[in-house]
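Results of the structural survey
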Amino acid sequence: MSGLATIAKRLLEALPTLFGVILVTFMLTRALPGDPAVFYAGPAADAESIAQVRHAMGLDRSLPVQFASYVEGLAAGDWGVSLSTGRDVTEELSRRLPASLELTLLGLLIAIVVAIPLGVLAATRPNSWVDHICRIIVTTGVSMPVFFTGLLLVYVFYYLLGWAPAPLGRLDFMHIAPDRVTGLYLVDSLIAGDVEVFRASLAHIFLPALTLGIFALAPIARMTRAAMLDVLSSDYIRTARASGLATRTVLFTYALRNALLSVLTTLGMVFSFLLGANVLVEKVFSWPGIGSFAIDALVASDYAAVQGFVLAMALLFVTLNLTIDLLYAVIDPRIRAAS
Amino acid sequence: MDRRTFLKNSALIAGAAGSLPLFKFMPAHAAGNRETLIVVTGSGPNSMDIHREGTNRPSYAIAVNLYDRLLSYGTKTLDDGTVSYDYETLVPEVAESWDVADDKMSAVFHLRKTATFWDGKPITAHDVKWSFDRAVTVGGFPTVQMKAGSLEKPEQFEVIDEHTFKINFLRPSKLTLPDLAVPVPIIINSEVAKAHATDDDPWATDYLHRTPAGGGAYKLLRWDPGEQTVYERYDDWQNGEVPALKRVIIREVPSASTRRALIERGDTDISLDLPPKEAADLHASDKINVAGVPIENCVNALGLNVEMAPFDDKRVRQAIAYALPYEKIFDAAAYRRGRMMHGGQSFTPASADWPQPFPYDTDLDKARALLEEAGHGNGFEVPLSINLGLAQWTEPTALLIQESLGKIGIRTPIDKIPGANWRTQALVEKSLAMHLKNFGGWLNYPDYYFFWAYVKGHLFNSMNYSNPTIDTLVDETLHIPVDDPAYVPNIKQMIAIAFEDVPLIPLWQPNLDVAMQKNVQGYEYWFHRQLDCRPLKKV
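Values in this document were obtained by computation on a predicted structure and should not be read as measured data.

1. Some thoughts on the overall build of chain B
The number of helices and strands found in chain B is 17 helices and 23 strands. The C-alpha atoms of chain B give 24 Å as radius of gyration, which agrees with the globular expectation for 539 residues (24 Å, within 12%). Along the three orthogonal principal directions, the C-alpha set of chain B runs to about 75 × 60 × 45 Å. Of all 539 residues assigned to chain B, the portion counted as buried reaches 61%. Across chain B, every contact between residues at least 6 apart in sequence was considered, and the portion connecting residues at least 24 apart equals 71%. When the accessible surface of chain B is totalled, it reaches about 19800 Å², and 50% of it is carbon and sulfur.

In structure tokens, the structure reads:
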């Protein structure tokens, strides 16, 4: 089967999942206690104004009618209007999702760059001091709550040392956001050729990304270590060694490539929980991401926004799983052969 | 992440924020430029239109700074030197003068002839009428607020000529003119608005939600919801003294400890939404000015639902009022930022001031005796409900109350309710037995407070309290002027009943705390609790 056909088939298979997500989210938001009409009628509303608001929001219609009009809207690309911000949910998400993705991806990158070598190092010298140090680092990273790491980094690098810029979000007052291409400031500023904005964005994103990275070290490092240990004790590695191949070749060409399979699976999971952990980092660093938007919407019973967020996440994960499966095929020739 | 984990985590954040030792001070180098003010705040506006449903509290600042009203309030200097608005004096804004008819049934406003909106169009009586018609018609909060000033129908508003506007009163009321100076009755550029109105949306709510169209002292330069709002001075502003600051940048910084670090490091000029602990620490540090003014007409209080046994018994309510650890609460939840509301001298109020200390203090023996008398000597169990949106003060307060009531045999498991549910359960269904609440009225009259909080069926009477005498007194007093001979005795009688019946036990009057660098001057406290940027300057 060709690659394109695989992708098409997988996307088709995702449709029932997505419909399920839409239905369940719709029901769940409605099942939440709390009445959005009361909330949005404002601080001095009476029964009459609450009824007006309820009507304006369409919440006086029956659930099936509300669901039908929601699905109809979705089919037409209309995700509804967020009540708390009064803007289209798609507009909100497209403004905030890149901020979250940029942060998460960079956090993940930092984690990978540190954790994989750390894991390999620990696996080649099990139970040595390197292994112990690795264990201590990752345990500390995963034991400290994200917001605490965040506050600590702000305290040390901004408050005490003054090295980091003020935790005021993606850019400070002096810089203007680069023209939007991808929505990722690091990428867009390079496309625009604006080195100064790139540096400023990097300075602003570094601490929050590091916070996320520290949190994500543990699973990646531990998984790399375990997978490497497993692979290194296998027959083909012994054969390779016995054939007199260089240690580097054995380690990186044969062992690591095979170990990466399980690391890749872990990466998918890590990515998803980093998106979740984002919320707390966003609060500490005033990052205008999707997590704080979703939480605010949830607390305010902002139905359209919550539904939109969950749907966007579902789409993201469908894509993510697909990408990982495709990457398997790149790494593992057996999968290519099988298909 | 689900709601519960989030709330747990936010509580943890708050805890961690409180325990971080932020003790190092740096010289203020904030915002180098003297004409630009940088403000950090916990949450920002969600609309540019205060008339829209669902508009949040920070959006009131837009109405204050970007729009004008007919009238405004004067100012006065408080004992500690802080300047506050003065609810007793009204001053011109768009109206340069006004006359109330001899029969007190109408008022005529003379508008400034030279004042224009941002686009250069003169501000006329037609704009005022369109804006007021809108406020009384769109429903929801603006309509309710207009109604508080007996402004209910478009027919009340009359255009005499281009620069003369008349309001016909439904009844003579002391609340009508003050209600014209609250954030709601803004004057919108009606021609711009009408150009964007549609058949479905005759009041241009979609347009004005995103784009302000006014003539206020500041124009909107930028609005990135969830990130920042930037105002720029309207240099031709005629309705008051042109502001000293050319530009105001308001950044949203959700974490209170980050907001504190920013002001201590000198990276911001003003830090808003400070929890009492941060305000107390900054105040003690002496490097930063903290203006703390007790919020008028507002108390943090414990409500007892009189329709739920055993709170239907006055003795039980009084017993609880004697069993609360007021001092400890004021120390641990308010960090002594505010005014204490316990330990009053007598059950007969000496003045008509509101709020004033209630004649209760912590006295467990008295509490036990009252419970015994009411037949609850062995105590009982009742949940204590708190609003998680206000966890900063409700959580520590609830724990202290739980401990203290435990000593007289009342067991109070704490029931934490998230924001959206709170409004439904506490205010609309009024189904919470014992709950911590907070209400403040914009119009600073005791009878206005009693109208909302002590009259049966009204929104903030979450205690379901009902007393025919109070109802009559509120009816009689609400609209009469304060110099009416019946006013003071009526108010005192209401307060005496509130003392005696205690459906609502005030704990303390909270502060509005604003931290600013030493070079920021001109700060004024306003009842709407938003930052009025117009009088501010940097020296």
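2. Description of the nonpolar core
In this structure, Leu70, Phe109, Ile270, Leu302, Ile320 and Tyr454 of chain B are the most contacted members of the largest nonpolar core, which totals 157 residues. Residues lining this core come from more than one domain, with at least three contributed by each of domain 1 (28-252 + 517-538) and domain 2 (298-511) of chain B. Every residue in contact with leucine 302 of chain B, bar those within four places of it in the chain, is listed here: Ile320, Leu324, Leu384, Ile401, Met434, His435, Leu436, Pro503, Leu504, Ile505 and Leu507 of chain B. If you look at the next biggest cluster of nonpolar residues, it comprises 95 residues, including Val120, Leu186 and Ala218 of chain A together with Leu262 of chain B.

3. Focus: the pattern of salt bridges
All names here are of chain B. Within the structure shown, the criterion is met by 37 salt bridges over all chains. Here glutamate 93 ties to arginine 69 by a salt bridge, and the two come within 3.7 Å at their closest N and O atoms. Note that glutamate 93 is positioned in the loop between strand E3 (83-92) and strand E4 (95-100) and arginine 69 in the loop between helix H2 (60-66) and strand E2 (71-77), a separation of 24 residues in sequence. Across this residue pair, the class does not change: glutamate 93 and arginine 69 are buried. Residue glutamate 381 is joined to arginine 411 by a salt bridge in which the shortest nitrogen-to-oxygen separation is 3.4 Å.

4. Comments concerning helix H5 (residues 89-124) of chain A
In this model, H5 of chain A (36 residues) spans 50 Å end to end at C-alpha, consistent with the 52 Å of a helix rising 1.5 Å per residue. Along its length, H5 of chain A reaches its greatest deviation from straightness, about 25 degrees, at arginine 96 of chain A, and the proline proline 98 of chain A lies no more than four positions downstream.

5. Structural notes on the UniProt feature "transmembrane region" (unreviewed entry) in chain A
Residue and element names in this part refer to chain A. Summarizing the sequence annotation, UniProt attributes the feature "transmembrane region" (unreviewed entry) to residues 12-32, 103-124, 136-161, 197-218, 259-281 and 309-331 in the numbering used throughout. For residues 12-32, the helix share is 95%, the strand share is 0%, and the end-to-end C-alpha distance is 31 Å. Helix makes up 88% of residues 136-161 and strand 0%, whereas the separation of the span's terminal C-alpha atoms amounts to 26 Å.

6. Points about the UniProt feature "domain: ABC transmembrane type-1" (unreviewed entry) in chain A
Within the UniProt annotation, "domain: ABC transmembrane type-1" (unreviewed entry) is assigned to residues 97-328 of chain A. Split by type, residues 97-328 of chain A is 80% helix and 0% strand. Its first and last C-alpha atoms lie 26 Å apart.

7. Considerations on the confidence of the model for chain B
Residues and elements named next belong to chain B. Confidence along chain B averages 90 in pLDDT terms, with 94% of residues attaining 70 or more. A low-confidence stretch, residues 1-31 (pLDDT under 50), is modelled with 63 contacts involving residues beyond four sequence positions or located in other chains. Across the predicted assembly, pTM comes out at 0.84 and ipTM at 0.79.

8. Thoughts on the domain arrangement of chain B
Residue and element names in this part refer to chain B. Examined at the domain level, chain B breaks down into domain 1 (28-252 + 517-538) and domain 2 (298-511). Listed by partner, the interface residues are 22 residues for domain 1 and 16 residues for domain 2. Together, the buried faces of domain 1 and domain 2 total about 1500 Å²; carbon and sulfur atoms form 64% of this surface. Between domain 1 and domain 2 we count 1 salt bridge in total. Note that lysine 174 is salt-bridged to aspartate 447, the shortest N-O span being 2.5 Å. Where domain 1 packs against domain 2, one counts 6 residue pairs in polar contact (both at pLDDT 80 or more).

9. Quick notes on the packing of aromatic side chains
As enumerated under the stated definition, the model contains 40 aromatic pairs over all chains in all. On the basis of an interplanar angle of 40 degrees and a centroid distance of 6.0 Å, the ring pair of phenylalanine 157 of chain A and tryptophan 163 of chain A is categorised as tilted. A centroid spacing of 5.1 Å and a plane angle of 75 degrees characterise the contact between tyrosine 73 of chain B and tyrosine 85 of chain B, whose relative ring orientation is edge-to-face. Highlighted residues: tyrosine 73 of chain B in strand E2 and tyrosine 85 of chain B in strand E3, separated in sequence by 12 residues. Among the aromatic residues, those joined into a ring-pair cluster are Trp354, Phe358, Phe439, Tyr448, Tyr449, Phe450, Phe451, Trp452, Tyr454, Phe460, Tyr465 and Phe499 of chain B.

10. Here we look at the pairing of strand E8 (residues 218-224) of chain B
Bridge count for E8 of chain B against strand E9 (residues 228-233) of chain B is 6 bridges, and the pairing is antiparallel. Of the residues in E9 of chain B, the one forming a bridge with tyrosine 218 of chain B is arginine 233 of chain B.

11. Brief notes about the environment of proline 355 of chain B
All names here are of chain B. Along the chain, proline 355 turns up in the loop between strand E14 (338-340) and helix H12 (364-373). Here proline 355 falls in the buried class, since its relative accessible area comes to 5%. Those residues in contact with proline 355 that sit more than four places away from it in its chain are Asn297, Cys298, Val299, Arg339, Met341 and Gln509.

12. A look at the packing of helix H7 (residues 146-160) of chain A against helix H9 (residues 195-232) of chain A
Residue and element names in this part refer to chain A. One can describe the packing of H7 onto H9 by two numbers: an axis separation of 9 Å at closest approach and a directional angle of 135 degrees. Here H7 lies oblique to H9, going by the angle between them. By crossing handedness, the relation of H7 to H9 is classed as right-handed. Residue-level inspection shows Val146, Thr149, Gly150, Leu153, Val154 and Phe157 of H7 in contact with H9, the latter providing Leu207, Leu210, Thr211, Leu212, Ile214 and Phe215. Residues that form the contact of H7 with H9 fall into these classes: 9 nonpolar, 3 polar and no charged.

13. Digging into the packing of helix H12 (residues 290-299) of chain A against helix H13 (residues 303-331) of chain A
Relative placement of two packed helices is described by the angle separating their axes and the distance separating the axes. Residues and elements named next belong to chain A. Between H12 and H13, the least distance of the axes is 8 Å, while the angle of their chain directions is 140 degrees. Considering the angle they form, H12 stands oblique to H13. For the crossing formed where H12 meets H13, the hand is left-handed. Together, Ile290, Phe293, Ala294, Ala297 and Leu298 of H12 and Ala305, Val306, Phe309 and Met313 of H13 make up the contact between the two elements. Of the residues belonging to the contact of H12 with H13, the class tally is 9 nonpolar, no polar and no charged.

14. Comments concerning the sheet that holds strand E5 (residues 106-111) of chain B
Residues and elements named next belong to chain B. Strand order in this open sheet of 4 strands is E4-E5-E7-E6, and the pairing throughout is antiparallel. The sheet terminates laterally at E4 and strand E6 (157-161), the two strands that pair on one side only. With strand direction ignored, the average angle separating the axes of adjacent strands in the sheet is 25 degrees. As paired elements, E4 and E5 share 5 bridges and run antiparallel to each other. In the sheet register, alanine 95 faces E5, and the bridge partner there is leucine 111. Set on the sheet, helix H3 (residues 125-137) makes contact with E5, E6 and strand E7 (164-168); between it and E6 the angle comes to about 175 degrees.

15. Digging into the side chain of arginine 259 of chain B
Residues and elements named next belong to chain B. Its location among the elements puts arginine 259 in helix H8 (residues 256-264). One buried charge, arginine 259, has no salt-bridge partner; the nearest side chain with opposite charge is aspartate 273, at 5.1 Å. Looking at arginine 259, its side chain comes within polar contact range of the main-chain oxygen of proline 254, at 3.2 Å. Beyond its immediate stretch of four places on either side in the chain, arginine 259 contacts Val40, Thr41, Gly42, Val253, Pro254, Ser271, Leu272, Asp273 and Pro275.

Rules and cut-offs
Residues numbered from 1 in each chain as written. Chains lettered and ligands numbered in written order. Predicted model: local features only at pLDDT ≥ 70, side-chain atom pairs only at ≥ 80, totals over all residues. Heavy atoms only, no water. Helix = DSSP H or I, 4+ residues; strand = E, 2+ residues; numbered from the N terminus. Rg over C-alpha atoms; globule rule 2.2 N^0.38 Å. Buried < 20%, exposed > 50% of the residue type's maximum accessible area, 1.4 Å probe, protein only. Contact = heavy atoms within 4.5 Å. Areas by Shrake-Rupley, 256 points an atom, 1.4 Å probe, with all protein chains shown as cover. Core = buried A, V, L, I, M, F, W, Y, C linked by side-chain atoms within 4.5 Å. Domains from an automatic or database assignment. Salt bridge = Lys/Arg side-chain N within 4 Å of Asp/Glu carboxyl O. Expected span 1.5 Å × (residues − 1). Bend = angle between axes of the 7 residues up to and from the residue. UniProt positions renumbered as here; feature names shortened; annotations may be inferred. pLDDT = per-residue confidence, 0-100. Buried area = accessible area lost by both parts, 1.4 Å probe. Polar contact = N/O pair within 3.5 Å; in protein donor to acceptor, adjacent residues only side chain to side chain. Phe/Tyr/Trp six-rings, centres within 6.5 Å; stacked < 30°, edge-to-face > 60°. Pairing = 2+ DSSP bridges. Axes fitted to C-alpha atoms, helices over the stretch in contact; angles between N-to-C directions. Parallel < 35°, antiparallel > 145°, perpendicular 65-115°, else oblique. Left-handed = near helix turned anticlockwise from the far one by under 90°. Nonpolar A, V, L, I, M, F, W, Y, C, P; charged D, E, K, R; others polar. Lys, Arg positive; Asp, Glu negative; His and termini not counted.

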